[in-house]
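Observations on chain architecture
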Amino acid sequence: MEIKLKSPLDMHLHLREGEMLKTVAPLTSQHFSGAIIMPNLVPPVDNLDRLLAYREEILAATKGDAFEPFMTLFFRAYTRAELEAAMPHITAIKLYPAGITTNSEGGVKELADAEATMSLMEELGIPLLVHGETNGFVMDREREFLTVYEQIATKFPKLKIVMEHITTAHAVALLDKFENLHATVTAHHLIITLDDVAGGMLNPHLFCKPIAKRPEDRDALLNAALTAHPKLSLGTDSAPHPQHKKECCGCAAGVFTAPITLPLMADLFAKHDALDKLQAFVSDNAHRIYGVTPPEKIMTLRDEPMTIPEKYGDVVPMWAGQQLGWSVV
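As the structure is a computational prediction, the values presented were derived from the model and not from experiment.

Thoughts on the packing of helix α1 (residues 18-29) against helix α2 (residues 48-61)
- Following both chains from N to C, one finds α1 and α2 inclined at 55 degrees, their axes separated by 8 Å at the closest point. With respect to their mutual orientation, α1 and α2 come out oblique. Two packed elements cross with a definite hand, and for α1 against α2 that hand is right-handed. Residues Gly18, Leu21, Lys22, Ala25 and Pro26 of α1 lie in contact with α2, whose contacting residues are Tyr54, Glu57, Ile58 and Ala61.
- Grouping the amino acids of the contact of α1 with α2 by side-chain chemistry returns 6 nonpolar, 1 polar and 2 charged.

In structure tokens form, the structure reads like this:
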């Protein structure tokens, strides 16, 4: 059996810089026609010169593939002039609460301090992407942040807000309560729970932020994806780290799924008899929500097994060495 996916998109991707970028960027650009690129580098991508230089570095690494990096700025207090100058070059702005995840130390400390920039974004039609977690107990951080989403959605009703990498049933339910709320979900949060990370021997290659949650949360996310909820898009949050940064004390957070995402999703949707919904989940919804026009690309997948490589460069992927039922032709 074969399926064809038109212009698949990854609406949440980490590419890093330097040699790591050169390793991982082609693993996305070979399969996807575009991706939203995260700006939490060191220093962050928070000005136009930095953004344009980073985009050129990405394009050089993708080696002529039909692939568009949809760039984002790291949220800070921006002037109208800065935003207007950036608009032709960005798809969105990404807000991180200060210190909540990798390289987010320069993020927002008080929501009130962010409102002036949000007001400008609403007026100019720039989407706001949010890493939605508090600093509370790790299993409750996303649920506690949902009230912040409600506040922003209510105060700025014309601001398009994307709840990034949602992990809870509560977040899925919130999608239907506000017209201007949307969400991304990762491949791994559709499959794993906290049990897979720490229920037996600790698996550092499944440790991520937000952390995987309970089975009922995973099931709610999966149901939304399998039914192609119109406000939900695939955003892998594929986050590469060198093997020694994962297999150590103080393990870095991030699951690397970029090169296996499409066969992983084909395998998952086929098992649930939902292959007819995969195109919307990995492409059509994102086209509509973000208003993007990526290069045309047709990816063919076949129900032939593939063995996931042990490593890509110095990065260990999710389920390294295991077999998937589908592969990219």
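Describing the pattern of salt bridges
- Following the criterion strictly, the structure yields 15 salt bridges and no others.
- Of the charged contacts, one joins Glu164 and Lys94 as a salt bridge, the two residues approaching to 3.9 Å between their closest N and O atoms. Of the two residues, Glu164 sits in the loop between β8 (161-163) and α6 (169-174) while Lys94 sits in strand β6 (residues 92-95), which places them 70 residues apart along the sequence.
- Judged by relative accessible area, Lys94 falls into the buried class, the value being 1%.
- Between Glu304 and Arg302 there is a salt bridge, and its shortest N-O distance comes to 3.6 Å.
- Take Glu304: its relative accessible area is 39%, and that puts it in the partly exposed class.

A word on the sheet that holds strand β9 (residues 181-185)
- Spatially, 6 strands are ordered β5-β6-β7-β8-β9-β10 in an open sheet, and the strand pairing comes out parallel. Of all strands in the sheet, those with a lone pairing partner are β5 (72-74) and β10 (232-234), marking the two edges. For this sheet, the mean inter-axis angle between neighbouring strands, taken without regard to orientation, is 30 degrees.
- The sheet contact formed by β8 and β9 spans 3 bridges and is parallel. Its bridge partner being in β9, Ile161 is matched across the sheet by Leu181.

Things to note about the packing of aromatic side chains
- One pass over the full model with this rule turns up 4 aromatic pairs.
- Centroid distance Phe74 to Tyr96: 5.4 Å. Interplanar angle 20 degrees. Geometry classified as stacked. Of this pair, Phe74 sits in strand β5 while Tyr96 sits in the loop between β6 and α4 (115-124), and the two are 22 residues apart along the sequence.
- Phe74 sits in the buried class, given a relative accessible area of 3%.
- Relative accessible area serves as the criterion here: at 2%, Tyr96 is assigned to the buried category.

A look at the pairing of β6
- Neither face of β6 is exposed, since Ala92 and Lys94 on one face and Ile93 and Leu95 on the opposite face are all buried.
- With 3 bridges joining them, β5 and β6 adopt parallel strand pairing. Among the inter-strand pairings, Thr72 is bridged to a residue of β6, identified as Ala92.
- On the question of chirality, the crossover connecting β5 to the parallel β6 by way of helix α3 (residues 80-86) is right-handed.
- Pairing analysis gives 3 bridges linking β6 to strand β7 (residues 128-130), with the strands arranged parallel.

Things to note about helix α8 (residues 215-226)
- Look at α8: 16 Å from first C-alpha to last across 12 residues, which is about the 16 Å you get at 1.5 Å a residue.
- Residues Asp217, Ala220, Leu221, Leu222, Ala224, Ala225 and Leu226 constitute the buried set of α8.
- Looking at the packing, one finds that the buried side of α8 touches α6, β9, β10, α10 (261-271) and α11 (278-290).
- Following α8 by one or two positions, Ala228 has its phi on the positive side, about 50 degrees.

Points about the side chain of Ser33
- Structurally, Ser33 is set in the loop between α1 and β3 (34-37).
- Overall, Ser33 belongs to the buried group, its relative accessible area being 0%.
- In terms of polar contacts, Ser33 uses its side chain to reach the backbone carbonyl oxygen of Ser7, at 3.4 Å.
- Those residues in contact with Ser33 that lie beyond four places of it in its chain are Ser7, Pro8, Leu9, Ala66, Phe67, Glu68, Pro294, Pro295 and Lys297.

Quick notes on the rules
Residues numbered from 1 in each chain as written. Predicted model: local features only at pLDDT ≥ 70, side-chain atom pairs only at ≥ 80, totals over all residues. Heavy atoms only, no water. Axes fitted to C-alpha atoms, helices over the stretch in contact; angles between N-to-C directions. Helix = DSSP H or I, 4+ residues; strand = E, 2+ residues; numbered from the N terminus. Parallel < 35°, antiparallel > 145°, perpendicular 65-115°, else oblique. Left-handed = near helix turned anticlockwise from the far one by under 90°. Contact = heavy atoms within 4.5 Å. Nonpolar A, V, L, I, M, F, W, Y, C, P; charged D, E, K, R; others polar. Salt bridge = Lys/Arg side-chain N within 4 Å of Asp/Glu carboxyl O. Buried < 20%, exposed > 50% of the residue type's maximum accessible area, 1.4 Å probe, protein only. Pairing = 2+ DSSP bridges. Phe/Tyr/Trp six-rings, centres within 6.5 Å; stacked < 30°, edge-to-face > 60°. Right-handed = clockwise from strand over helix to strand, strands pointing away. Expected span 1.5 Å × (residues − 1). Polar contact = N/O pair within 3.5 Å; in protein donor to acceptor, adjacent residues only side chain to side chain.

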